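Commentary on secondary and tertiary structure
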Amino acid sequence: MPKVSLNVNGKVHHLDVDEKTPLIYVLRNDLGLKGTKLGCGLEQCGACKVIVDGKAEFSCNTPVEAFEKSSITTIEGIGTPDKLHVIQQAFVTECAAQCGYCIPGIIVAIKALLDVNPNPDDEMICEALSDNLCRCGTHGQILKAVKRAAKEISL
Amino acid sequence: MTLSSSFGNNPDLDSWLQFHRDGRITVSTGKVELGQKLTTALTVIVAEELDVDPGRITVLTADTDNSPNEGYTAGSNSLESSGIALRQASAKARRALMEKASEHLEEPVENLSVTDGEIGGATTNKYVTYWDLIGDKHFKITVTDDVLPKSPDQYHLIGNPVPAVGLEALVTGTMTYVHDMEFTDMAHARVIRPPNYHAQIQDLNDTEVRAMPGVIEVILDGSFLSVVCEREEQAIWAASKLARITVWDESKELNSKDIFVQLKNNPRQSLPVVEGVAKESPVQPFRPPENSSKTLSATYQRPYHMHGSIGPSAAIALYDAQVLKVWTHSQGIFPLRLALADVLGLAEDKIHLVHVPGAGCYGHNGADDVALDAALAARAVPGRPIMLKWERADEHAWEPFGSAMQIELQASLDDTGRVIYWNHETFSDTHMSRPSAHRENSRLLAAWHLQSPRPAPPVKPTPGFHTGIHRNADPIYDFADRRVVKHLVHDLPLRVSALRSLGAYANVFAIESFMDELAHFRDMDPLEFRLAHLSDNRARAVLEAATSKANSGFSSADDGHGRGLAVARYKNSKCYVAVVIDLIVDDYGAIQLLRAVIAADAGQIVDPDGLRNQLEGGLIQSASWTLKEQVKFDDKGIVSRDWESYPILTFAEVPEIETVLIDRPDQPFLGSGEATQGPTAAAIGNAIFYAIGLRLRRIPFTQDRVRDAAAEV
């Protein structure tokens, strides 16, 4: 008897997992959605962000049962290598990834921002990324990519 | 032509390049991709030399069964070693193929040309392709020094922007890091570390944990404790429970006295450094010349810094039929194999390591240690692949940190204000503790805690050219007389190893801060003062390019605005970098970086976007170390165990960066990945001085430090 139902990337899954399992492990290990990254498990680095009912949220520390009534979008639900989302294309154009480990969480945060506000100023962008960390120092390229994406979405 | 030293162990052309019948080319390298875009640069080099579309090329990174052994991917050496090796191998392959084509087409080699692997002649309509000639076959020749690669004027790819390899996978989350690998029947493990380096297990009753859901095995070997479970969250819960119930003997504490006092008072070995090389000879006394009119002194300090990879270290190990296979993000799988063989008592040929990318590591972090952790777990649960990940606190508390350093400088000036004597002394622990074969000892963490422990080997000074402590200790300026001393200090409290740029970060910080202090003392412009002591034209060119760029299009008359400049040549032999920083210090002592300008000369540019990313990324990382970072510890252990207690630079805090690349197509390419670390720190310190008149000599320059410095005035 499946214990948990989860709506991820437009598809409903019925899963036999402990309902206290943090969402990220269900996404990665049960649904095979490995794009969501485990960084700290402490809601401090943003690598694990997913979109929950339109808002970017941490997935590393909240039990899966808390998401049962929500609609979740992961990085895989935003675009694919053959069909990049405009935000992802902008990241490629600006070469906005080094090791890339933080990038899915950042793109998720930006997708949630641009869905609500396609024309954000610098402060809003930095606010949306205030709890996303990048250690390679790709910040400049990432900010350029976000602005490029915003411009193309607003066209 | 001198052949790359990488051919020493691997002279066969076939070990570097394979042509396939379907038109693909696979390239092997002993180096690994760390997010530094090495794969892209190597692709461009091979595509250029062979005249093929870069899309045909796949770069396979290191695997102990299939790759050339090129040691570590470290020290900004990869392009200079693997890049040159692949260029020479490709040139040799091209020549061999042209000779085959010449026979085939009955046309002399000098009449042949190549377009995307298709060889045609000047007087014939016939053509033949690389894949026809050698597809799925072997050359069976060695790379020799008689084939010259192309000259730069024949290039059409190198130096132009190319799409980085694999970016689509990175931005869609489809890139497979070692953390993402999945195997049938894979189990998950976590390790439970002691509260600190010295603590040992006194008592553990694991009955309750063994009864928890999904627990397959609790592994206890001495004070090494690990748990293997069916599911990942079960491993986390079981590990967390084990951490709570284990009783540790914590009677031996860390020495948490002021680290800079320890650096001066602990036993040490001192070696003179001459032209970048430490010598096994007595240190000459400090003796400023008699004609000096003034000698100034200053002391600079950096704390322990952390690599702080965003992805905690991870490895997968499978122990099956007496053979151990490990998937690892280590920077050196061949040396790691030696280290694992020692600890596990396995023959080297029973261990197969495969490199799989991890998150950026910036030096020697937990990547190698976690490979041993996973191997120990796999040995206890044979036949099942074991994924072992560190938790965030493991990474923060157990990675080998970048060494704390103290640098003491003196400069003697003559009547005209020229520096005629320079004294540089660096006090530091080692910067090089990467694993290798150490017999009864080991540098792998878990080995220290086993029932039959293998403690870390004693640390010895490394005499080489610009190695750890004395990397960039020898200034690039034309000082007539100089004395450079490295002091390897023993018995320091924390575990340390290579962190991006090693000693260069703090040595350059000290030198370039002191140059500014001397300029100020002489009432000279910092740029003019540097140029007056600098005859290296490439160093002069980056200084001038950076200041000229900084002067155009930016000015600030705000209170608390300051601009700082610094320059260095990494390892005195690699990439030249000058950095200009504009920043503001507010009334409360908070620092905001406004803008940074980098001017760099990395010789011949292979991939401009990749180069820019490395330089700018290094600047941001260094700014983060310099403004915010410090490993905190007390006598019970490491205190900074998460991102709140060890904050790093955020998006709101990064400056706008402009980078000027000076291309030197006629010069060899120079390693660049660590070149901005030192100049950035000094440029920030110098900018703070011009902003508020306070000279900060102890990193990090936090708001509290600025306030303390202001209070001291």
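Bear in mind that the values here come from a model prediction, so they are computed numbers and not experimental data. (Residues numbered from 1 in each chain as written. Chains lettered and ligands numbered in written order. Predicted model: local features only at pLDDT ≥ 70, side-chain atom pairs only at ≥ 80, totals over all residues.)

Description of the overall build of chain A
The secondary structure content of chain A amounts to five helices and five strands. Listing every helix and strand of chain A by position from the N terminus yields β-β-α-β-β-β-α-α-α-α. Here the C-alpha atoms of chain A give a radius of gyration of 15 Å, agreeing with the 15 Å that 2.2 N^0.38 yields for 155 residues. Projected onto its principal axes, the C-alpha positions of chain A cover 50 × 30 × 30 Å. (Helix = DSSP H or I, 4+ residues; strand = E, 2+ residues; numbered from the N terminus. Rg over C-alpha atoms; globule rule 2.2 N^0.38 Å.)

Observations concerning the overall build of chain B
Helix and strand content of chain B: 16 helices and 27 strands. Over its C-alpha trace chain B gives a radius of gyration of 27 Å, about what one expects of a compact globule, namely 27 Å for 713 residues. Along the three orthogonal principal directions, the C-alpha set of chain B runs to about 80 × 75 × 50 Å. When each of the 713 residues of chain B is scored for burial, the buried share is 55%. When contacts within chain B are restricted to residue pairs at least 6 apart in sequence, those whose partners lie at least 24 apart make up 79%. (Buried ≥ 20, exposed ≤ 12 C-beta atoms within 10 Å, placed from the backbone. Contact = placed C-beta atoms within 7 Å.)

Section: the pairing of strand E24 (residues 591-601) of chain B
Residues and elements named next belong to chain B. Burial of E24 is extensive: eight of the eleven residues sit out of reach of the surface. Between strand E23 (residues 576-585) and E24, which follow one another and run antiparallel, lie five residues, and Gly589 among them has a positive phi close to 90°. For E24 and strand E27 (residues 656-661), the ladder comprises six bridges, and the chain directions are parallel. What sits directly across from Ile598, in E27, is Thr659. (Pairing = 2+ DSSP bridges.)

With respect to the nonpolar core
Residue and element names in this part refer to chain B. Ranked by internal contacts, the top residues of the largest apolar core, which has 259 residues, are Ala317, Ala374 and Val577. Top contributing element to this core by residue count: helix H11 (residues 504-521), with eleven residues. Not counting chain neighbours up to four residues away, the residues in contact with Ala374 comprise Ala189, Ala315, Ile316, Ala317, Val326, Ile386 and Leu388. (Core = buried A, V, L, I, M, F, W, Y, C linked by C-beta atoms within 7 Å.)

A word on the sheet that holds strand E15 (residues 314-320) of chain B
By way of backbone hydrogen bonds, the strands of a sheet pair with one another, either parallel or antiparallel. Residue and element names in this part refer to chain B. Taking strand neighbours across the sheet as the criterion, the seven strands line up as E9-E10-E7-E18-E15-E16-E17 in an open arrangement whose pairing is mixed. Edge positions in the sheet fall to strand E9 (215-221) and strand E17 (351-355), since each has one partner strand and no second. Across the sheet, the mean angle from the axis of one strand to that of its neighbour is 20°, orientation sign disregarded. Here five bridges tie strand E7 (residues 187-192) to strand E10 (residues 224-229), and the two strands are oriented antiparallel to one another. Bridge assignment links Ala189 to a residue of E10, and that residue is Val228. Contacts from helix H9 (residues 367-380) reach E7, E9, E10, E15, strand E16 (323-328) and strand E18 (386-389) within the one sheet, and its direction differs from that of E15 by about 35°. (Axes fitted to C-alpha atoms, helices over the stretch in contact; angles between N-to-C directions.)

Thoughts on the domain arrangement of chain A
Residue and element names in this part refer to chain A. Here the domain parsing of chain A yields domain 1 (4-75) and domain 2 (86-154). Here the C-alpha centroids of domain 1 and domain 2 sit 21 Å apart. At the junction of the two partners, domain 1 supplies 15 residues and domain 2 supplies 14 residues. When residues of the side of domain 1 that touches domain 2 are traced back to their parent elements, those giving at least two are strand E3 (50-52) and strand E4 (55-57). Residue classes in the side of domain 1 that touches domain 2 are distributed as seven nonpolar, five polar and three charged. (Domains from an automatic or database assignment. Nonpolar A, V, L, I, M, F, W, Y, C, P; charged D, E, K, R; others polar.)

Overview of helix H8 (residues 333-344) of chain B
Residue and element names in this part refer to chain B. Spanning twelve residues, H8 covers 16 Å between terminal C-alpha atoms, matching the ideal 16 Å at 1.5 Å per step. Turning to H8, its buried residues are Ile333, Phe334, Leu336, Arg337, Ala339, Leu340, Asp342 and Val343. Contact partners of the buried residues in H8: E16, E17 and H9. Remark: Gly345 follows H8 within two positions and exhibits a positive phi of approximately 65°. (Expected span 1.5 Å × (residues − 1).)

Some thoughts on the interface of chain B and chain A
Accessible area lost upon the coming together of the parts serves often as the stated size of an interface. Contact residues are listed per partner, giving 43 residues for chain B and 46 residues for chain A. Looking at the side of chain B that touches chain A, the elements that each hand over two or more residues are helix H4 (167-172), helix H6 (232-245) and helix H14 (608-628) of chain B. A per-element tally of the side of chain B that touches chain A places H14 of chain B first, with eight residues. By residue class, the composition of the side of chain B that touches chain A is 18 nonpolar, 14 polar and eleven charged.

Considerations on the packing of helix H2 (residues 86-93) of chain A against helix H5 (residues 139-154) of chain A
Residues and elements named next belong to chain A. Where H2 contacts H5, the two axes come as close as 8 Å, and the packing angle between them is 135°. Between H2 and H5, the interaxial angle falls into the category oblique. The element H2 and its partner H5 pack so that their crossing is right-handed. Side by side, H2 and H5 meet where Val86, Ile87, Ala90, Phe91 and Thr93 of the first sit next to Ala145, Arg148, Ala149, Glu152 and Ile153 of the second. (Parallel < 35°, antiparallel > 145°, perpendicular 65-115°, else oblique. Left-handed = near helix turned anticlockwise from the far one by under 90°.)

Considering the domain arrangement of chain B
Residue and element names in this part refer to chain B. On domain assignment, one finds that chain B holds domain 1 (5-170), domain 2 (178-251 + 307-398) and domain 3 (405-432 + 467-712). Centre-to-centre, using C-alpha coordinates, domain 1 lies 38 Å away from domain 2. Counting residues at the interface gives 14 residues for domain 1 and 13 residues for domain 2. Grouping the constituent residues of the side of domain 1 that touches domain 2 by class yields five nonpolar, six polar and three charged.

Points about the environment of Thr467 of chain B
When you line up the elements, Thr467 of chain B lands in the loop between strand E20 (419-428) and strand E21 (482-489). Apart from the residues within four sequence positions on either side, Thr467 of chain B is in contact with Met432 and Thr462 of chain B.

Quick notes on the pairing of E20 of chain B
All names here are of chain B. Among the ten residues of E20, nine are classified as buried, and the element is accordingly described as predominantly covered. Note that strand E19 (residues 405-413) and E20 share nine bridges and pair antiparallel. The partner of Ala411 across the bridge, within E20, is Trp422. Hairpin remark: E19 followed by E20, antiparallel, with five residues in the connecting loop; positive phi at Gly417, about 90°. Of the strand pairs in this sheet, E20 and E21 are connected by seven bridges, and their pairing is parallel. If you follow Phe427 over to E21, its bridge partner there is His487.

A closer look at the packing of helix H1 (residues 38-50) of chain B against helix H2 (residues 78-105) of chain B
All names here are of chain B. The geometry of H1 relative to H2 is characterised by a closest axis approach of 8 Å and an angle of 25° between their N-to-C directions. Taken together, the axes of H1 and H2 lie roughly parallel to each other. With respect to the hand of their crossing, H1 and H2 are arranged in right-handed fashion. Residues Leu38, Ala41, Leu42, Ile45, Val46, Glu49 and Leu50 of H1 touch H2, and the partners they reach there are Ser78, Leu79, Ser82, Gly83, Leu86, Arg87, Ser90, Ala91, Ala93 and Arg94. Looking at side-chain class alone, the contact of H1 with H2 contains ten nonpolar, four polar and three charged residues.

Section: the sheet that holds strand E2 (residues 11-15) of chain A
All names here are of chain A. Strand order in this open sheet of five strands is E2-E1-E5-E3-E4, and the pairing throughout is mixed. With one partner strand each, in any of the chains shown, E2 and E4 form the two edges of the open sheet. Strand-to-strand, the axes of this sheet are offset by a mean angle of 40°, without reference to chain direction. Direction of pairing for strand E1 (residues 4-8) relative to strand E5 (residues 71-73): parallel, over a ladder of two bridges. Note on E5: the bridge partner recorded for Val8 is Ile72.

Topic: helix H13 (residues 537-551) of chain B
Residues and elements named next belong to chain B. Here H13 contains 15 residues, and its C-alpha end-to-end distance of 21 Å stays within 8% of the 21 Å for a straight helix at 1.5 Å per residue. Within the sequence span of H13, burial applies to Ala539, Val542, Leu543, Ala545, Ala546, Thr547 and Ala550. Looking at the buried residues of H13, the elements they touch are helix H12 (526-531), strand E22 (561-569), E23, E24 and E27.

Considering the confidence of the model for chain B
Looking at chain B, pLDDT values average 95 and 99% of them are 70 or higher. Two summary scores accompany this predicted model of the complex, namely pTM at 0.94 and ipTM at 0.98. (pLDDT = per-residue confidence, 0-100.)

Some thoughts on the environment of Val381 of chain B
Residues and elements named next belong to chain B. Tracing the chain through its elements places Val381 in the loop between H9 and E18. Here the alpha-carbon distance between Val381 and Gly166, two residues 215 residues apart in the chain, equals 35 Å. With sequence-adjacent residues up to four places away left out, Val381 is seen in contact with Ala187, Ile216, Glu217, Val228 and Ile386.

Re unusual backbone geometry
All names here are of chain B. The omega torsion across Ile699 and Pro700 is 0°, close enough to zero to call that bond cis. When you line up the elements, Pro700 lands in the loop between helix H15 (677-692) and helix H16 (703-712). In this model, Asn572 sits at a positive phi of 55°, which is unusual for a non-glycine residue. For Asn572, a count of 18 C-beta atoms within 10 Å translates into the label partly exposed.

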